[in-house]
Amino acid sequence: MGGQRVNRRLLSVAAATVAIAVGALPLAGCSDDSEGATGPERDLTALQCPMVETGQNSGVSQYRPAKNAFDTAELLGMQLAEAREKAARHGCEIVVAREDDKSQPVPIEVDPTRIYVYIAHGAVSHIEGVGGGL
């Protein structure tokens, strides 16, 4: 009976390992999906704006950077007016979520052209996110 218990444990560990490995394949780049592989690789950790909806997965909207998207980190250190001009050139809008350590009211609906920022002494000090929503 002890041998059967060990075998069941080994089987359950093996099944979990296989499930994790199969689930990780798309993350490891083992897909032959060549969409977007025509130019320099994008930084997948960058917060880009604007975003475009690509469809839904289990009822949840999925987004990817638009062709004219830019890395919002470029706004860091810019005065608010200058940052708004740069964002507008890409079709994006800046929403100040926090100014000089005071939270500001912000829209909560999802809009993939909104960039939520923190402002300190008139300059962009932090990018909170793109798109919004709760």
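A. Region of interest: the state of the cysteines. One pass over the structure, following the stated rule, counts 1 disulfide. A sulfur-sulfur distance of 2.2 Å marks the disulfide that ties C49 to C92. Note on the C49 and C92 pair: the S-S dihedral is about -115°, so by sign convention the disulfide is left-handed. Highlighted residues: C49 in strand 1 (residues 48-57) and C92 in the loop between helix 2 (80-89) and strand 3 (93-99), separated in sequence by 43 residues.

B. View of the nonpolar core. If you look at the biggest cluster of nonpolar residues, it comprises 15 residues, and the most contacted ones within it are F70, L75, I94, I115, V117 and V124. Mapped onto this core, the elements with two or more residues apiece are helix 2, strand 3, strand 5 (114-120) and strand 6 (123-130). Leave out the neighbours within four places in its chain, and L75 touches F70, A83, K86, I94, I115, V124 and I127.

C. Summary view of the pattern of salt bridges. All told, the structure shown has 4 salt bridges when counted by the stated rule. Residue K86 is joined to E74 by a salt bridge in which the shortest nitrogen-to-oxygen separation is 2.9 Å. Taken together, the residues K86 in helix 2 and E74 in the loop between strand 2 (60-71) and helix 2 connect sequence positions 12 residues apart. With a shortest N-O distance of 3.6 Å, E93 and R114 are connected by a salt bridge. Placement of E93 in strand 3 and of R114 in strand 5 is noted, with a sequence separation of 21 residues between them. Salt bridges here are not isolated pairs; linked through shared partners, they connect E93, E109, D111 and R114.

D. Region of the structure containing the side chain of R114. On the accessibility criterion, R114 (10% relative accessible area) is buried. At a separation of 3.3 Å, a polar atom in the side chain of R114 contacts the side chain of E109. Apart from the residues within four sequence positions on either side, R114 is in contact with C49, E93, V95, P107, E109, G129, V130 and G131.

E. Fine view of the sheet that holds strand 4 (residues 102-103). Ordered in space as 4-3-5-6, the 4 strands form an open sheet in which the pairing is mixed. In this open sheet, the two edge strands, each paired with only one partner strand, are strand 4 and strand 6. Inspection of the sheet shows strand 3 paired to strand 5 by 6 bridges, in the parallel sense. Across the sheet, the residue bridging to R98 is Y118, located in strand 5. Seen against the sheet, helix 2 touches strand 3, strand 5 and strand 6 and runs at an angle of roughly 145° to strand 3.

F. Looking closely at the confidence of the model for the protein chain. The predicted model of the protein chain averages 80 in pLDDT, with 68% of residues at 70 or higher. Per-residue pLDDT, averaged within each element of the protein chain, yields its smallest value for helix 1 (residues 2-24) (49) and its largest for helix 2 (98). Within the model, pLDDT remains below 50 along residues 13-19, and this stretch shows 0 contacts once partners closer than five positions in the same chain are excluded. With pLDDT under 50 throughout, residues 30-38 is counted as low confidence; its partners more than four residues away or in other chains account for 2 contacts.

Reading the values: the criteria
Residues numbered from 1 in each chain as written. Predicted model: local features only at pLDDT ≥ 70, side-chain atom pairs only at ≥ 80, totals over all residues. Heavy atoms only, no water. Disulfide = S-S within 2.5 Å. Helix = DSSP H or I, 4+ residues; strand = E, 2+ residues; numbered from the N terminus. Core = buried A, V, L, I, M, F, W, Y, C linked by side-chain atoms within 4.5 Å. Buried < 20%, exposed > 50% of the residue type's maximum accessible area, 1.4 Å probe, protein only. Contact = heavy atoms within 4.5 Å. Salt bridge = Lys/Arg side-chain N within 4 Å of Asp/Glu carboxyl O. Polar contact = N/O pair within 3.5 Å; in protein donor to acceptor, adjacent residues only side chain to side chain. Pairing = 2+ DSSP bridges. Axes fitted to C-alpha atoms, helices over the stretch in contact; angles between N-to-C directions. pLDDT = per-residue confidence, 0-100.

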